[in-house]
Amino acid sequence: MNRNGSKLKKYYAGVSASYEKVKADSNKLTEWKYQRYLKDYLATAKSMDRNIGRVLNYLDSAGLSNETIVVYASDRGFYLGEHGWFDKRFMYEESMRTPLLMRYPKHIQPGTQVPQLVMNMDLAPTLLQLAGVPVPADIQGKSMVPLWQKKSDTNTWRSSLYYHYYEYPEPHRVAPHIGIRTAQYKLIFFYGPFEQWELYDLGSDPSEMKNIAQLPAMAAVKASLQQALLQLARDYEDKEAVQLLQKAMVTTK
């Protein structure tokens, strides 16, 4: 066994020993699992950040920074206990919001912040435009270049985000759902094992702890968001979502 293999064996022997001490106590075991999960996750993030720094330093030292587009992104955000969850998939803010940083000194002023709502599908047309390649007409995303160039009127940029999680029941058994997020509100429709609407005011309830979908005072907001969500499903040609929403909206009237 090489040196690294020996270190790994010693490390996991310690993990096993600490597990044996708490496995009979459900409360202690829950705490142990959470602490191990959190520390492993944060250690992974720290290692990733360190190595991203090495890549950036190399680009600087090699004189390649001005000719290299660096994109730091993720497929999803991640739960670290919020809402009682781990992993991702649900449409709540912790996993819906994803990191997106770009470095391209030739075109992006350091410290630039873009407040508009962007989606991961915007990456392809953005990179194509930066590369000087025509953006195909059938791409559903929008180039973000005008946003950091301050050339895009906020009235012409999207005012909402679309979401659809449909992988059910296996392997994660997360209830499928469709939703829309605006600057102030988020509306989610769960379907599959059950049907339920959830509505959150992100201005007054940023942690999404109070579902206000059934409040009479929010009926008009909910109805408006339902119509906007249905239109987004049509725009993105999500035929399954269109059918599900049309049926659900008739039922809730």
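Residue positions are counted from 1 within each chain, in the order its sequence is given. Thresholds applied to this predicted model are a pLDDT of at least 70 for local features of residues and 80 or more for the giving and counting of side-chain atom pairs; totals over whole chains, interfaces and linings are not thresholded and use all residues. For the side-chain quantities, the full set of heavy atoms in the structure was used; hydrogens and water were omitted.

Examining the packing of aromatic side chains
Here comes step 1: To pair, rings of Phe, Tyr and Trp, with the six-membered ring standing in for Trp, must have centres within 6.5 Å; the planes then decide the type, stacked if under 30 degrees apart, edge-to-face if over 60, and tilted in the middle. All told, the structure shown has 13 aromatic pairs when counted by the stated rule.
Here comes step 2: Here F189 and W197 contribute two aromatic rings whose centre-to-centre distance is 4.6 Å and whose plane-to-plane angle is 35°, an arrangement assigned as tilted. As far as burial versus exposure is concerned, F189 and W197 are alike and both buried.
Here comes step 3: What links up through ring pairs into an aromatic cluster is the set W85, F90, Y92, F190, F194 and Y200. We call a residue buried when its accessible area falls under 20% of the maximum for its residue type, exposed when it is over 50%, and partly exposed in between, using a 1.4 Å probe and counting protein chains only.

Let's talk about helix 4 (residues 123-130)
Here comes step 1: Helix and strand assignments come from DSSP, with helices taken as H or I runs of at least 4 residues and strands as E runs of at least 2, each series counted from the N terminus. By the burial criterion, the buried members of helix 4 are P125, T126 and L130. In an axial view of helix 4, the angular spread of the buried residues amounts to 135°, which keeps them on one side of the axis.
Here comes step 2: Residues of helix 4 that are buried sit in contact with strand 4 (100-103) and helix 5 (145-148).
Here comes step 3: Within two residues after helix 4, G132 carries a phi angle of roughly 75°, on the positive side. The arc under discussion is defined with respect to the helix axis, by the directions toward the C-beta atoms. Only heavy atoms enter the contact rule, under which two residues are in contact if any of them lie within 4.5 Å.

Focus: the pairing of strand 7 (residues 185-190)
Here comes step 1: Among the six residues of strand 7, six are classified as buried, and the element is accordingly described as predominantly covered.
Here comes step 2: Of the two faces of strand 7, the one lined by Y185, L187 and F189 and the one lined by K186, I188 and F190 are each fully buried.
Here comes step 3: Strands were regarded as paired on the criterion that DSSP finds at least two bridges between them. Inspection of the sheet shows strand 6 (residues 177-182) paired to strand 7 by five bridges, in the antiparallel sense. Note on strand 7: the bridge partner recorded for I178 is F189.
Here comes step 4: Connecting strand 6 to the next strand, strand 7, in antiparallel fashion are two residues.
Here comes step 5: Note: strand 7 against strand 8 (residues 196-201), six bridges, orientation antiparallel. Bridging across to strand 8, K186 finds its partner in Y200.
Here comes step 6: Here strand 7 folds back onto strand 8 in antiparallel fashion, the turn holding five residues, of which G192 has a positive phi close to 105°.

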